[in-house]
Amino acid sequence: MLSAWIGSITFAGAAILYILLSLGLPYGEFAMGGKHRVMPSQMRVACAISVVIQLIAILYLLQAGHVISIGSPFDRGVCYFFAVYLIVNTVMNLLSKSIKERLVMTPLSLVTAICFWLTAMNG
């Protein structure tokens with residue numbers, strides 16, 4: 001299913017950003033309100049945890065889209081959860097004080113939310 005592939009790629013892009021943030025690279029203007037260019041150590045841990053959650057969500061998305069099988073009956077429910085979460089995230093990104101977060105992360109989050117939603121509905 002195309003929406004599962006697109007959503008996985010876009011969410012993987014966000015995961016890569018959060019990996020870079022957790023490693024201390026100066027891309028903080030794209031995330032978490034853009035307050036920190038380089039994330040403080042506690043926020044780096046939060047970024048690393050976020051990556052794990054994002055990768056798990058990608059697995060569920062790919063299963064709901066019949067691309068892979070991880071043997072979980074909850075794939076559609078997890079996709080609906082992330083669709084709603086990403087819609088809220090899209091609104092938060094849109095309201096961010098960071099121009100970079102608004103311009104880059106808002107559309108990325110919206111496209112990913114739509115992909116999770118479509119995959120859950122058609123999966």
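One structure accompanies this document, and this report is about it. (Residues numbered from 1 in each chain as written. Predicted model: local features only at pLDDT ≥ 70, side-chain atom pairs only at ≥ 80, totals over all residues. Heavy atoms only, no water.)

**A short note on helix α1 (residues 2-22)**
Link 1 in the chain: Across its 21 residues, α1 extends 30 Å between first and last C-alpha, which sits within 8% of the 30 Å expected from 1.5 Å per residue.
Link 2 in the chain: The set of residues buried in α1 consists of S3, A4, G7, S8, T10, F11, A14, A15, L17, Y18 and L21.
Link 3 in the chain: Once α1 finishes, G24 follows within two positions and takes phi at roughly 90 degrees, a positive value. (Helix = DSSP H or I, 4+ residues; strand = E, 2+ residues; numbered from the N terminus. Expected span 1.5 Å × (residues − 1). Buried < 20%, exposed > 50% of the residue type's maximum accessible area, 1.4 Å probe, protein only.)

**Digging into the environment of S41**
Link 1 in the chain: Examined against the element boundaries, S41 turns out to sit in helix α2 (residues 41-64).
Link 2 in the chain: Taking C-alpha positions, S41 is 28 Å from I87, a pair spaced 46 residues apart along the chain.

**Quick word on the side chain of Q54**
Link 1 in the chain: Take Q54: it is sitting in helix α2.
Link 2 in the chain: Accessibility expressed as a relative area gives 7% for Q54, which makes it buried.
Link 3 in the chain: For Q54, the residues in contact, after removing those within four places along its chain, are F11, A14, A15 and Y18. (Contact = heavy atoms within 4.5 Å.)

**Let's talk about the pattern of salt bridges**
Opposite charge on two side chains allows them to pair when their charged atoms are near.
Link 1 in the chain: Counting across every chain of the model gives one salt bridge.
Link 2 in the chain: Taking the shortest distance from any N to any O, the salt bridge between K100 and E29 comes out at 3.1 Å. Taken together, the positions of K100 in helix α4 (residues 99-122) and E29 in the loop between α1 and α2 put the pair 71 residues apart, joining distant regions of the chain.
Link 3 in the chain: Judged by its relative accessible area of 26%, E29 is partly exposed. (Salt bridge = Lys/Arg side-chain N within 4 Å of Asp/Glu carboxyl O.)

**As for the packing of α2 against helix α3 (residues 75-94)**
Link 1 in the chain: In the contact formed by α2 and α3, the axes pass within 8 Å of each other and the chain directions differ by 125 degrees. Considered as vectors, α2 and α3 are oriented oblique to each other. The handedness of the crossing between α2 and α3 is left-handed. Of the residues in α3, those touching α2 at I53, A57, Y60, L61, Q63 and A64 are D75, V78, C79 and F82.
Link 2 in the chain: Counted by class, the contact of α2 with α3 contains eight nonpolar, one polar and one charged residues. (Axes fitted to C-alpha atoms, helices over the stretch in contact; angles between N-to-C directions. Parallel < 35°, antiparallel > 145°, perpendicular 65-115°, else oblique. Left-handed = near helix turned anticlockwise from the far one by under 90°. Nonpolar A, V, L, I, M, F, W, Y, C, P; charged D, E, K, R; others polar.)

**Overview of the packing of α3 against α4**
Link 1 in the chain: In the contact formed by α3 and α4, the axes pass within 8 Å of each other and the chain directions differ by 160 degrees. Looking at the two axes, α3 sits roughly antiparallel to α4. Note on packing geometry: the crossing formed by α3 with α4 is left-handed. In this structure, α3 contributes R76, C79, Y80, F82, A83, V84, L86, I87, N89, T90, N93 and L94 to the contact, and α4 contributes E101, R102, M105, T106, S109, L110, T112, A113, F116, W117, A120 and M121.
Link 2 in the chain: Its residues placed into classes, the contact of α3 with α4 shows 15 nonpolar, six polar and three charged.

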